[in-house]
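Take a look at the letters that make up each chain.
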Amino acid sequence: MINPEATDGMLQEQAKWLRETLSGIGDAVITVDVTGAVVFLNSSAENLTGWTQADAAGVPLARVFEIVNEETLQPVENPAVRALRDGVVVGLANHTILIAKDAVRRLIEDSAAPLCGADGKISGVMLVFRDVTERRKHEERVRHSELRYRRLFETAKDGILILDADTGAIVDANPFMCGLLGYEHEEFLGRELWRFGMFGDIEASRLAYQELQERGYVRYEHLPLKTKAGRQVEVEFVSNVYWVGDRRVIQCNIRDITERSQLERTTQAQSQALADLHRRKDEFLAMLSHELRNPLAATSNAIQLLALPGAEDPVQQRALKMIERQVAHLTHLVDDLLEVSRISTGRIRLNRTSFDVHATVEQAVAVCRPLFDRLRHALTVSLPPEPIWIDADPTRLEQIIVNLLNNAAKYTDEGGRIWLTVESASGTSPSGVSASGELASGGREPPGISASGGTGEILIRVRDAGIGIAGDVLPRIFDMFAQADRSLERSEGGLGIGLCLVRRLVELHGGTVEAKSAGLGHGSEFTVRLPMQPPPAPSGACATPAAAAAKSKRVLVVDDNVDIADSTAMLLEKFGHEVRTAHTGPAALEVARSFLPELILMDIGLPGMNGYEVAQRIRLEPQFERVWLIAVTGYARATDVKLAEEAGFDSHLAKPIDIRRVQETLAALCR
Ligand code: ADP
């Protein structure tokens, strides 16, 4: 016998348990009775519909659960109605929008199942739904991102291959890759890289693959690939491994660099050819200037001979002056040519000594005087009365001033005005850099000399009221071969080397040089700044070598060029010296042993035995203990000078030799 009260209690108990369960689950749940009126809403359903249990109880479901189609926004059949009508479970429906009581719209997924009573009849329906707005947004984002990357993959102008990292087989290839190698997409699938010529063969491929596995990344600048038609293309290959879900894949990016490589090779070959040409040009210039020096040496000796007292005929005298000028000009050009190779190979060396710049400035002015006189220029020289000491190479300093003065004369119309100003400015030296001359020969004052005038800088200014320099030319005026408009009057034009040499020499001395001009027609000004030296303590020593006449000395002139040897000998004889000549190495030794010269002028390139060897042998023989050995070469390169010193030479002269220098040495020997 069933106790109705007990049964009732149990049912109530179960209903309570069911409500609590339904309230606790995450999904929203609404139950309705057979009439379609709402019986129960759990809290999720209350949140999503905006109805409370109290408000909704007994209200028709269609009002509490108002749904429309996501795309059409038309009402859709409520799944609960169908479940009630057909007695079936209605599965999850998509694309449904729930309009809440406060009109908020949410994308939901819903399903409904009929509820049966104890009699087996349908007593209601349970509707289950959830908010899928966020999930849909996320799915949308993923879809868009995939689309974007797919588009990148499809349209990339680099080849892309995706490989299965476990098998090494290709699983995808982009259209560019297909086009690059001429294969269909399907032909790539399932195959390995080496089959396309990448990495050569299966073994090379295995090694590359192993490297990739170990490092997770490989990059090859130049890899060969074979197209289906057998043509070779060159590619840059970058590959890396990454995880996609639980699978590892390899992505290979392949860039066609065939054209770029070709271009690189062409550029390389061109720059190599240019460098070769440049080198050959330098060698040619060095050789040319060297070769030109020999005929010049002989000619200039002959001129010096002719210029000695005796040749009185005025026509001859004029002709002589003309030859003298032209040879001087030619010598200057050849010297400049030789300097080109010295500058370009950094072989300029300095023979530094401490001296007062007055004598050097005067010497430079004297060198330029004939040109100034011929062009009727007025030169104003301003020098402070007190000595200005400098640690420099006097010959090179003279060259700097001569070049600037010559330019001022050349680029000023006849009868112009030029100013040379030398002044000292106290302060620190201009660059603070010590000069990088390679060899510092004798004549330097010992350190520790008292500095009464302090250090500062020497300013040497050459200003002219000449043709001036255009603004666009000014910044490159010190570059090698830089010249202004060639159509300008250039009767005295040079090779475009002078200023480059000036800058190089000034820098070697630790100084600076600058050019100023207000433009064409406004004249120019060149300012050289050099570090000044403290003056030496008075010692009575004469800093400037005396060019005093030497007493008669025995001189041996050795040169395989008979004209040079003979003309030099004749010149020295005119100065009262006793001279012998020799034209080969062995002959030089033989003559030296019998003649016992006090000074030997020795060419280096000699038949039989070169000048260095002759010098070494001479130094071994005691009777030559006091002989002064001068090396005479075409190239006065640092290596030549060093070799000469090592061979035992006392000094070094470049061809064509200036007989005054030899005289100076002879005068010094007398002292
Ligand atoms: P070069 O005189 O042999 O041409 P430089 O190197 O000495 O070579 O000078 C380079 C160029 O600078 C000259 O060709 C000339 O155009 C310009 N230049 C040099 N000095 C002056 C100056 N004092 N006035 C005007 N132009 C000058």
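Fair warning: this is a prediction, and the values are worked out from it, not measured in the lab. (Residues numbered from 1 in each chain as written. Predicted model: local features only at pLDDT ≥ 70, side-chain atom pairs only at ≥ 80, totals over all residues. Heavy atoms only, no water.)

**Student:** When you look at the overall build of the protein in this model, what are you seeing that I'm missing?
**Tutor:** Summing up its helical and strand segments, the protein has 19 helices and 23 strands in all. Taken over 671 residues, the protein has a buried fraction of 42%. Considering only residue pairs separated by 6 or more positions, the protein has 64% of its internal contacts joining residues 24 or more positions apart. For the protein, the exposed surface amounts to about 35,600 Å²; the carbon and sulfur share of it is 55%. (Helix = DSSP H or I, 4+ residues; strand = E, 2+ residues; numbered from the N terminus. Buried < 20%, exposed > 50% of the residue type's maximum accessible area, 1.4 Å probe, protein only. Contact = heavy atoms within 4.5 Å. Areas by Shrake-Rupley, 256 points an atom, 1.4 Å probe, with all protein chains shown as cover.)

**Student:** Can you walk me through the sheet that holds strand β10 (residues 232-244) in this structure?
**Tutor:** In a beta sheet, neighbouring strands pair by backbone hydrogen bonds and run either parallel or antiparallel. Pairing in this open sheet of five strands is antiparallel, and the strands run β8-β7-β11-β10-β9 from one edge to the other. What marks the edges here is a single partner per strand, and that holds for β8 (170-173) and β9 (217-226). With direction set aside, neighbouring strand axes in the sheet form an average angle of 25 degrees. In the sheet, strand β7 (residues 159-164) pairs with strand β11 (residues 247-256) via six bridges, with the strands oriented antiparallel. When the bridges of β11 are listed, Leu163 appears paired with Ile250. Against the sheet, helix α9 (residues 202-215) makes contact with β7, β9, β10 and β11, and its axis sits at roughly 160 degrees relative to β9, the strand it touches most. (Pairing = 2+ DSSP bridges. Axes fitted to C-alpha atoms, helices over the stretch in contact; angles between N-to-C directions.)

**Student:** Would you explain the environment of Val506 in this entry?
**Tutor:** Take Val506: it is sitting in helix α14 (residues 498-508). Judged by relative accessible area, Val506 falls into the buried class, the value being 0%. A sequence separation of 109 residues divides Val506 from Leu397, and the C-alpha atoms of the two residues are 8.2 Å apart. Once residues within four sequence positions are removed from consideration, Val506 is found in contact with Ile400, Gly511, Thr512, Val513, Val528, Arg529 and Leu530.

**Student:** Looking at this model, I keep getting lost on the pattern of salt bridges. Mind explaining?
**Tutor:** When the charged atoms of two side chains with opposite charge come close together, those side chains can pair. Per the counting criterion, the structure on display carries 37 salt bridges. Taking the shortest distance from any N to any O, the salt bridge between Asp86 and Arg85 comes out at 3.1 Å. Accessibility expressed as a relative area gives 52% for Arg85, which makes it exposed. The partner of Arg260 in a salt bridge is Glu236, and the shortest N-O contact between them spans 3.3 Å. With Arg260 in helix α10 (residues 258-306) and Glu236 in strand β10, this pair connects stretches of sequence that are 24 residues apart. Glu236 gets classed as buried once you look at its relative accessible area, which sits at 11%. (Salt bridge = Lys/Arg side-chain N within 4 Å of Asp/Glu carboxyl O.)

**Student:** Teacher, can you tell me more about the site of the ligand here?
**Tutor:** Near the ligand there are 21 residues, and of these Asn407, Tyr411, Gln483, Gly496 and Leu499 occur at the shortest range. Leu499 has a polar backbone atom sitting 2.8 Å from an oxygen atom of the ligand. Expressed as a share of its isolated accessible area of 530 Å², the protein-covered part of the ligand is 98%. Within the residue set of the shell around the ligand, elements represented by two or more residues are α13 (394-410), α14 and β18 (524-531). (Near = heavy atom within 4 Å. Polar contact = N/O pair within 3.5 Å; in protein donor to acceptor, adjacent residues only side chain to side chain.)

**Student:** Can you help me understand the nonpolar core in this one?
**Tutor:** If you look at soluble globular proteins, the nonpolar side chains tend to sit buried side by side. One finds Val357, Leu397, Leu405, Leu420 and Ile460 to be the most contacted residues of the largest nonpolar core, which totals 53 residues. With sequence-adjacent residues up to four places away left out, Val357 is seen in contact with Ile388, Ile390, Leu397, Val422 and Ile458. Counting 27 residues, the second-largest nonpolar core is a separate cluster that includes Phe196, Met198, Val218 and Ile250. (Core = buried A, V, L, I, M, F, W, Y, C linked by side-chain atoms within 4.5 Å.)

**Student:** Mind showing me how you'd approach the pairing of strand β20 (residues 578-582) here?
**Tutor:** Successive residues of a regular strand alternate their side chains across the two faces of the sheet. Pairing between strand β19 (residues 554-558) and β20: five bridges, direction parallel. Across the sheet, residue Arg554 finds its bridge partner in β20, namely Glu578. You can see the chain leave β19, run along helix α15 (residues 562-574) and come back into β20, and the turn it takes is right-handed. (Right-handed = clockwise from strand over helix to strand, strands pointing away.)

**Student:** Sorry, what's going on with the layout of surface pockets here?
**Tutor:** To locate leftover empty space, one rolls a probe as large as a water molecule over the atoms. When its volume is computed, the second largest pocket comes out at roughly 470 Å³. In terms of lining residues, the second largest pocket is bounded by 16 residues, among which Ala15, Leu18, Val39, Leu115 and Ser123 are the most central. Of all the secondary structure elements, the ones that give two or more residues to the lining of the second largest pocket are α1 (4-24), β1 (28-33), β2 (38-41), β5 (105-116) and β6 (122-131). If you tally residues by element for the lining of the second largest pocket, the top one is α1, at six residues. Taken together, the residues of the lining of the second largest pocket sort by class into ten nonpolar, five polar and one charged. (1 Å grid on protein atoms, 1.4 Å probe; cavity = no way out; pocket = protein on both sides within 12 Å on 5 of 7 lines; lining within 4 Å. Points joined across faces, edges and corners; volume = space filled by probe spheres on them. Nonpolar A, V, L, I, M, F, W, Y, C, P; charged D, E, K, R; others polar.)

**Student:** How should I be thinking about the packing of helix α16 (residues 585-595) against helix α17 (residues 611-620) in this particular structure?
**Tutor:** In helix packing, the relevant descriptors are the interaxial angle and the interaxial distance, both defined with respect to the helix axes. Direction vectors running N to C along α16 and α17 enclose 25 degrees, while the axes themselves pass 9 Å from each other. The angle between α16 and α17 places the two elements in the roughly parallel class. Pair α16 / α17 crosses with right-handed handedness. Where α16 abuts α17, its residues Gly585, Ala588 and Leu589 lie against Val614, Arg617 and Ile618. A per-class count over the contact of α16 with α17 returns four nonpolar, one polar and one charged. (Parallel < 35°, antiparallel > 145°, perpendicular 65-115°, else oblique. Left-handed = near helix turned anticlockwise from the far one by under 90°.)

**Student:** How should I be thinking about empty space enclosed by the protein in this particular structure?
**Tutor:** Summed over all chains, the structure comprises one cavity of 30 Å³ or more. Reported here for the largest cavity is a volume of approximately 100 Å³. What lines the largest cavity is a set of 14 residues, among which Asp559, Ile564, Thr568, Val632 and Ile657 lie closest to the centre. Contributions of two or more residues to the lining of the largest cavity are made by α10, β19, α15 and β21 (599-603). With three residues, the top contributor of residues to the lining of the largest cavity is β21.

**Student:** In this structure, what is going on with the sheet that holds β21? I would like to understand it.
**Tutor:** Pairing within the open sheet is parallel, and its five strands lie in the order β20-β19-β21-β22-β23. The two strands at the open ends of the sheet, each matched to only one other strand, are β20 and β23 (651-654). Pairwise comparison of adjacent strand axes, ignoring direction, gives a mean angle of 20 degrees for this sheet. In this sheet, strand β22 (residues 628-633) lies alongside β21 in parallel orientation, the contact comprising five bridges.

**Student:** Explain the packing of aromatic side chains to me, please; I cannot follow it from the model alone.
**Tutor:** For any two aromatic rings, the description comes down to two numbers: the centre-to-centre distance and the angle of the planes. Under the definition given, this model contains four aromatic pairs. Geometrically, the ring pair formed by Tyr183 and Phe188 is edge-to-face, given 5.6 Å between the ring centres and 65 degrees between the ring planes. Judged by its relative accessible area of 13%, Tyr183 is buried. Ring centres of Phe478 and Phe526 lie 6.1 Å apart, and the angle between their planes is 85 degrees; this geometry places the pair in the edge-to-face category. (Phe/Tyr/Trp six-rings, centres within 6.5 Å; stacked < 30°, edge-to-face > 60°.)

**Student:** Teacher, can you tell me more about the packing of α13 against α14 here?
**Tutor:** The interhelical angle for the contact between α13 and α14, taken along N-to-C directions, is 145 degrees, at an axis separation of 10 Å. Crossing angle aside, the handedness with which α13 passes α14 is left-handed. Residues Arg396, Gln399, Ile400, Asn403, Leu404 and Asn407 of α13 lie in contact with α14, whose contacting residues are Gly498, Leu499, Leu501, Val502, Leu505 and Val506. A class-by-class count of the residues in the contact of α13 with α14 yields seven nonpolar, four polar and one charged.

**Student:** Just checking my understanding: could you explain the pairing of β21 for this structure?
**Tutor:** Among the five residues in β21, five count as buried, and that is most of the element. The alternating pattern of β21 places Leu599, Leu601 and Asp603 and Ile600 and Met602 on opposite faces, both of which are buried. With four bridges joining them, β19 and β21 adopt parallel strand pairing. Counterpart to Val557 in the pairing with β21 is Leu601. In the classification by handedness, the crossover that spans β21, the intervening α17 and the parallel β22 is right-handed.

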